[in-house]
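Letter by letter, the chains look like this.
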Amino acid sequence: MGLLDILLGRTKPVAPDLDQLFALPSAAVTLEAAAGFRATGRGAVCFATVEGGAFEQTHREVQALLDADAERTGPPVELTQDAYGYSWLVSRRAPDQLSALVNDLHAVNSAMEVNGFGPQLLCSLAGFEDGEAAEAAEVGGAGGGRRLALVYLYKRGTFFPFAPLAGDGQRRDSALELQVRSMLGNDLRIEQDLSRWFPVWGAPGL
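What you see is a predicted model, and the numbers here were worked out from it, not measured in a lab. (Residues numbered from 1 in each chain as written. Predicted model: local features only at pLDDT ≥ 70, side-chain atom pairs only at ≥ 80, totals over all residues. Heavy atoms only, no water.)

A. Geometry of the sheet that holds strand β4 (residues 121-130). If you walk across this open sheet you meet the six strands as β2-β3-β1-β4-β5-β6, and the pairing is antiparallel. With partners counted over all chains shown, the strands left at the sheet margins are β2 (78-81) and β6 (158-162), one partner each. Pairs of neighbouring strands in the sheet enclose a mean axial angle of 25°, with direction left out of account. Of the strand pairs in this sheet, strand β1 (residues 37-47) and strand β3 (residues 87-92) are connected by six bridges, and their pairing is antiparallel. Looking at β3, one finds that C46 is bridged to W88. Each of β1, β4, β5 (147-153) and β6 touches helix α2 (residues 24-35); the most contacted strand, β1, lies at about 135° to it. (Pairing = 2+ DSSP bridges. Helix = DSSP H or I, 4+ residues; strand = E, 2+ residues; numbered from the N terminus. Axes fitted to C-alpha atoms, helices over the stretch in contact; angles between N-to-C directions. Contact = heavy atoms within 4.5 Å.)

B. Focus on helix α4 (residues 98-114). Here α4 is 17 residues long and its end C-alpha atoms lie 24 Å apart, about the 24 Å a rise of 1.5 Å per residue gives. Counting buried residues along α4, 12 of its 17 residues qualify, which places the element largely inside the surrounding structure. Of the positions making up α4, those classed as buried are L98, A100, L101, V102, D104, L105, H106, V108, N109, S110, A111 and M112. Where the residues of α4 are buried, they touch α2, β1, α3 (53-67), β3 and β4. Of the residues trailing α4, G116 is marked for its positive phi of about 85°. (Expected span 1.5 Å × (residues − 1). Buried < 20%, exposed > 50% of the residue type's maximum accessible area, 1.4 Å probe, protein only.)

C. Geometry of empty space enclosed by the protein. Tallied over the full model, the rule gives one cavity of 30 Å³ or more. Roughly 40 Å³ of volume is contained in the largest cavity. F47, F55, T58, H59, V62, L89, V108 and M112 are the residues that line the largest cavity. Contributions of two or more residues to the lining of the largest cavity are made by α3 and α4. Counting residues per element, the lining of the largest cavity draws most heavily on α3, at four residues. Taken together, the residues of the lining of the largest cavity sort by class into six nonpolar, two polar and no charged. (1 Å grid on protein atoms, 1.4 Å probe; cavity = no way out; pocket = protein on both sides within 12 Å on 5 of 7 lines; lining within 4 Å. Points joined across faces, edges and corners; volume = space filled by probe spheres on them. Nonpolar A, V, L, I, M, F, W, Y, C, P; charged D, E, K, R; others polar.)

D. How the structure looks around the packing of aromatic side chains. Inspection of every chain in the model, using the stated rule, returns six aromatic pairs. Judged by centre distance (5.5 Å) and plane angle (85°), the ring pair of F55 and F117 falls under edge-to-face. Note that F55 is positioned in helix α3 and F117 in the loop between α4 and β4, a separation of 62 residues in sequence. Ring geometry for F160 versus W197: centroids 6.1 Å apart, planes at 15°, classification stacked. (Phe/Tyr/Trp six-rings, centres within 6.5 Å; stacked < 30°, edge-to-face > 60°.)

E. The arrangement of the pairing of β5 in detail. Here β5 lies mainly inside the structure; six of its seven residues are buried. In terms of strand pairing, β4 meets β5 through seven bridges, oriented antiparallel. Residue A126 lies in a different strand from β5, and its bridge partner there is L150. Relative to β6, β5 runs antiparallel, the two being bridged by five bridges.

F. The packing of α3 against α4, seen in detail. Between α3 and α4, the least distance of the axes is 10 Å, while the angle of their chain directions is 155°. Taken together, α3 and α4 sit at an angle that is classed as roughly antiparallel. Here α3 and α4 pass one another in a crossing that is right-handed. Note on element contacts: α4 touches α3 through D104, A107, V108, A111 and M112, opposite F55, T58, V62, L65 and L66. Residues that form the contact of α3 with α4 fall into these classes: eight nonpolar, one polar and one charged. (Parallel < 35°, antiparallel > 145°, perpendicular 65-115°, else oblique. Left-handed = near helix turned anticlockwise from the far one by under 90°.)

Put into structure tokens, the structure is as follows:
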């Protein structure tokens, strides 16, 4: 970073560090102990939609790699688009397989990088829900409790919490997000610029 950058208050961009994803299982332990949120086993990688044969080949390779996991018992990895035109590669594991889910997210990001699609990567997320909702789902109930995502910003190498409120409309639980930020400061590299905590409405992994 040059002198002019320092004088103008510019900061050097943080290089992507995918190994930060491996901190999620530790953060999940803290999150459950402090706030009662448990991993859902759902997660996804978001990227700008890409057309062309090169990307299709990369997608097929990634999907084949993840679906070949002998321990995967849930549905296959799914490629979908949200209402805003962004693409999501969604992985679903058992709630107690967060480490395996993190491996999936890391593998997708790494494959995209290696094949030249790093600039299209936007974020990855892992889903959580409060303990009462998780228990209701386990016994066949509707659940419907509080939801939370820990979102990894690829280009920043940082995380932030996103907590959509249940019901109609696009509203978020800002108080919970700030609470989670305080809880996980020792577990995750938290994004300090709150303006970058963008909402991921309708994210399929949440």
